[in-house]
Amino acid sequence: MAEGRGGRACAVGGGAVSVVIVGGGLAGISAAIALQESGVPVTLVESRPWLGGATHSFVRGELSVDNGQHVFLRCCSAYQGLLRRLRADHLVEVQDRFDVTVLRPGAAAARLRRARLPSPLHLLPALARYAPLAPGDRLRAMRAAAGLGRLDPADPVLDTLSAGTWLAERGQRAWARQALWGLFITAALNAEVDDAAMGLSAMVCRRALLGRADAADIGIPLVPLEELHGGPALRRIAEMGGTVRLKSKVEAVTTDPKVVVDGEPMAADAVIMAVPHEAAARLLPAQALPEPLRWPELDASPIVNVHVVYDRKVMDAPFAAAVASPVQWVFDRTAVSGLRRGQYLAVSLSAADRWIDMPTAELRARFVPELRRLLPAARGAAVRELFVTRERRATFRQRPGSAAARPSAATRAPGLFLAGAWTDTGWPDTMEGAVRSGLTAARLVRRHLEGARER
């Protein structure tokens, strides 16, 4: 157990206020810090021995390994705000302008780089020169982009469509959907383009690609995720007077509200459930749940990462996308991991249903040759080590109809609130969505406490 005590207390009716947050991922962390900044002390309860939730690290030999590759965009303002509150914003790096190398087997690498032009002109030169697409497909892509710019992502009709259907109706052939739109939509929604919800796809494209010119500039961590999120959060919450209970199992939540932790009841003035939707549905009292309960419809979508350590450098770019290959994105993890010799690459596979149960030996047989096809320098390099990390329930399935199943932060029980990237944030299931959900839950808790004080 890690604990920090002291600090300010917010009084309600003459007594000290206590808020319990269940779940120590980015949603729970952001809620905890937001509440403590407003003078509300919190107790954060986490079942695992670390904070950070789905963004964590572990040690494997000489390597510090992240469970998966996490990046953000310059438009992810809430996430960057959390990093500043954690005093960790110096531990990430953001491109000076959007620039992605696109690898192709048997062909020269392509490049998508924004021009120093105002939006929406900033990406037109990159599209006009995008070699994987024929000239006619590039022109049709520009027209589709213009159509995306006129959409309202919150339109319920869009949630009934797949991105693939919408794009196909606007002249985007299967290859264009894969080689252009899939680079962004699949990575952001953890869903193949033809299966992805159009509303969220439109939101991503409008905000990142068609919004401010610098909105899609990519940010990457310079340290392992534990040093970026979990460790700083543990220290910051303690500094601000909060309590963190690690390796503590929440067994039930009541409408009092009360949280049963390791068999012991813990009274609270408000509770935030910052856990996956399956856990929230299991732990919350029936009185708090909607009827009918639609959260199970959200399901889960996997992500797989194939980690390959070479005896020499085989890729110059810090990261690259790939088309016409099962490789989607590949990241240079050498410096972040602490590797002293050779190069460590991580292949990130979203919407990984086909890979999630494949044995490591088969993944090796598939992806080592693919990396040789994409990276000429890998053809003469030896693989020193290869291992796989699997996140079976990395995100909810962001498919048509999923928006209607995402709940708001408020439940039917006063004092009980939800947080998590699966709630109705308007964003995909990403780090940004998680942080925004935590901020929303914290705001509702403060409103609830103020109402209790007035009563």
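Note that residues are indexed from 1 along each chain, following the sequence as it is written. Restriction of local features to residues with pLDDT of at least 70 applies here, the model being predicted, together with a cutoff of 80 or more for giving and counting side-chain atom pairs; totals for whole chains, interfaces and linings are based on all residues. In computing side-chain values, all of the structure's heavy atoms are included and hydrogens and water are not.

Enquirer: I'd like a rundown of the side chain of Arg-236, residues and numbers included.
Expert: Secondary structure counts use DSSP, requiring at least four H or I residues in a row for a helix and at least two E residues in a row for a strand, with both numbered from the N terminus. One can find Arg-236 in helix H8 (residues 225-239). In terms of polar contacts, Arg-236 uses its side chain to reach the side chain of Glu-239, at 3.1 Å. By definition, residues are in contact when any of their heavy atoms lie within 4.5 Å. Residues within four places of Arg-236 in sequence aside, it is in contact with Ile-33, Gln-36, Arg-85, Leu-86 and Arg-87. The definition of a polar contact used here is a pair of N or O atoms within 3.5 Å, where within protein one atom must be able to donate a hydrogen and the other to accept one, and adjacent residues in sequence count solely through side-chain atom pairs.

Enquirer: Now, about the packing of aromatic side chains: what can you tell me, with residues and values included?
Expert: Pairing of aromatic rings covers Phe, Tyr and Trp, the last through its six-membered ring, and needs centres within 6.5 Å; plane angles under 30 degrees mean stacked, over 60 mean edge-to-face, and all others mean tilted. All told, the structure shown has 8 aromatic pairs when counted by the stated rule. Between the aromatic rings of Phe-98 and Phe-184, the centroid separation amounts to 6.1 Å while the plane-to-plane angle is 45 degrees, which identifies the pairing as tilted. Residue Phe-98 is located in the loop between strand E8 (92-94) and strand E9 (99-104), and its partner Phe-184 is located in helix H6 (residues 174-189); the two are separated by 86 residues in the primary sequence. Each residue's exposure class comes from its accessible area (1.4 Å probe, protein chains only) as a fraction of the maximum for that residue type: buried when under 20%, exposed when over 50%, partly exposed otherwise. Note on Phe-184: relative accessible area 15%, which makes it buried.

Enquirer: A description of the nonpolar core should follow, citing residues and the corresponding values.
Expert: Here the nonpolar core consists of buried residues drawn from Ala, Val, Leu, Ile, Met, Phe, Trp, Tyr and Cys, with membership extended through side-chain atoms lying within 4.5 Å. Ranked by internal contacts, the top residues of the largest apolar core, which has 97 residues, are Ile-21, Trp-181 and Ile-272. Ranked by the residues each element gives to this core, the list is headed by H6, at 9 residues. Other than its neighbours up to four places away in sequence, Ile-272 contacts Val-20, Ile-21, Val-22, Ala-31, Leu-35, Phe-417, Ala-419, Ala-441, Ala-442 and Val-445. Within the second largest apolar cluster, 28 residues are counted, among which are Ala-320, Ala-352, Leu-374 and Ala-378.

Enquirer: Give me the lowdown on a nonpolar patch on the surface, citing residues and values where you can.
Expert: Only residues whose relative accessible area exceeds 30% and that take part in no salt bridge are eligible for patches, with like-charged residues grouped when within 9 Å of each other and nonpolar side chains (Val, Leu, Ile, Met, Phe, Trp, Tyr) grouped when within 5 Å. To measure how exposed things are, a 1.4 Å probe is used in the Shrake-Rupley method; for residues, cover is taken only from the protein chains shown. Think of a salt bridge as a Lys or Arg side-chain nitrogen and an Asp or Glu carboxyl oxygen that are within 4 Å of each other. On the surface, a cluster of nonpolar side chains totalling about 220 Å² of accessible area is made up of Leu-117, Leu-121 and Leu-124. Among the secondary structure elements, Leu-121 is positioned in the loop between strand E10 (107-113) and helix H3 (124-128). With relative accessibility at 41%, the residue Leu-121 sits in the partly exposed group.

Enquirer: How would you sum up the domain arrangement of the chain? Please name residues and give values.
Expert: You can read the domains of the chain as domain 1 (19-55 + 73-90 + 223-294 + 400-454), domain 2 (112-215) and domain 3 (300-396). Here the C-alpha centroids of domain 1 and domain 2 sit 32 Å apart. Listed by partner, the interface residues are 14 residues for domain 1 and 17 residues for domain 2. Accessible area, probed at 1.4 Å, shrinks when two parts are joined; the buried area is that loss added up over both. The largest share of the area that domain 1 buries against domain 2 comes from Arg-74, Pro-400 and Pro-428, three residues that together contribute 46% of it. If you look at where domain 1 meets domain 2, you find 1 salt bridge. Reported domain spans reflect what an automatic or database domain assignment gives.

Enquirer: Tell me what's going on with H8, and back it up with residues and numbers.
Expert: An ideal rise of 1.5 Å per residue puts 21 Å on 15 residues; H8 measures up with 20 Å between its terminal C-alpha atoms. To get the bend at a residue, fit one axis to the 7 residues ending there and another to the 7 starting there, then take the angle between the axes. Along H8, the largest kink reaches about 30 degrees and is centred on Pro-232. Buried within H8 we find Leu-225, Leu-228, His-229, Gly-230, Gly-231, Pro-232, Ala-233, Arg-236 and Ile-237. Given the number of residues in a helix, its expected span is that number minus one, multiplied by 1.5 Å.

Enquirer: Residue-level account of the sheet that holds strand E22 (residues 416-418), with values.
Expert: In a beta sheet, neighbouring strands are held together by backbone hydrogen bonds and run either parallel or antiparallel to one another. Here 5 strands make up an open sheet; going across it, the order is E12-E4-E3-E16-E22 and the pairing parallel. In this open sheet, the two strands that pair with only one neighbour each are strand E12 (243-245) and E22. Across the sheet, the axes of successive neighbouring strands diverge by a mean angle of 20 degrees, strand direction being ignored. Any two strands with at least two DSSP bridges between them are considered paired. With 4 bridges connecting them, strand E3 (residues 19-22) and strand E4 (residues 42-45) associate as parallel partners. Bridge pairing links Val-20 to Thr-43 in E4. Axis lines are fitted through C-alpha atoms, for helices just across the contact stretch, and the angle between N-to-C directions can take any value from 0 to 180 degrees. In this fold helix H12 (residues 431-454) packs onto E3, strand E16 (270-273) and E22, with an angle of close to 165 degrees to the strand it touches most, E16.

Enquirer: Could you give an account of the pattern of salt bridges, with specific residues and numbers?
Expert: Applying the stated criterion across every chain, the model contains 31 salt bridges. Ionic pairing is found between Asp-66 and Arg-333, a salt bridge with its closest N-O pair at 2.7 Å. In this pair, Asp-66 is assigned in strand E6 (residues 63-66) and Arg-333 in the loop between strand E19 (329-332) and helix H10 (334-337), connecting sequence segments 267 residues apart. Judged by its relative accessible area of 2%, Asp-66 is buried. Accessibility expressed as a relative area gives 4% for Arg-333, which makes it buried. Linking Asp-299 and Arg-397 is a salt bridge whose minimum nitrogen-to-oxygen distance equals 3.3 Å. Of this pair, Asp-299 sits in the loop between helix H9 (277-283) and strand E17 (301-310) while Arg-397 is found in the loop between strand E21 (383-395) and E22, placing the two residues 98 residues apart along the sequence. Residue Asp-299 is classed as partly exposed on the basis of its relative accessible area of 29%. Through salt bridges with shared partners, one network takes in Arg-74, Arg-114, Arg-212, Asp-214 and Asp-217.

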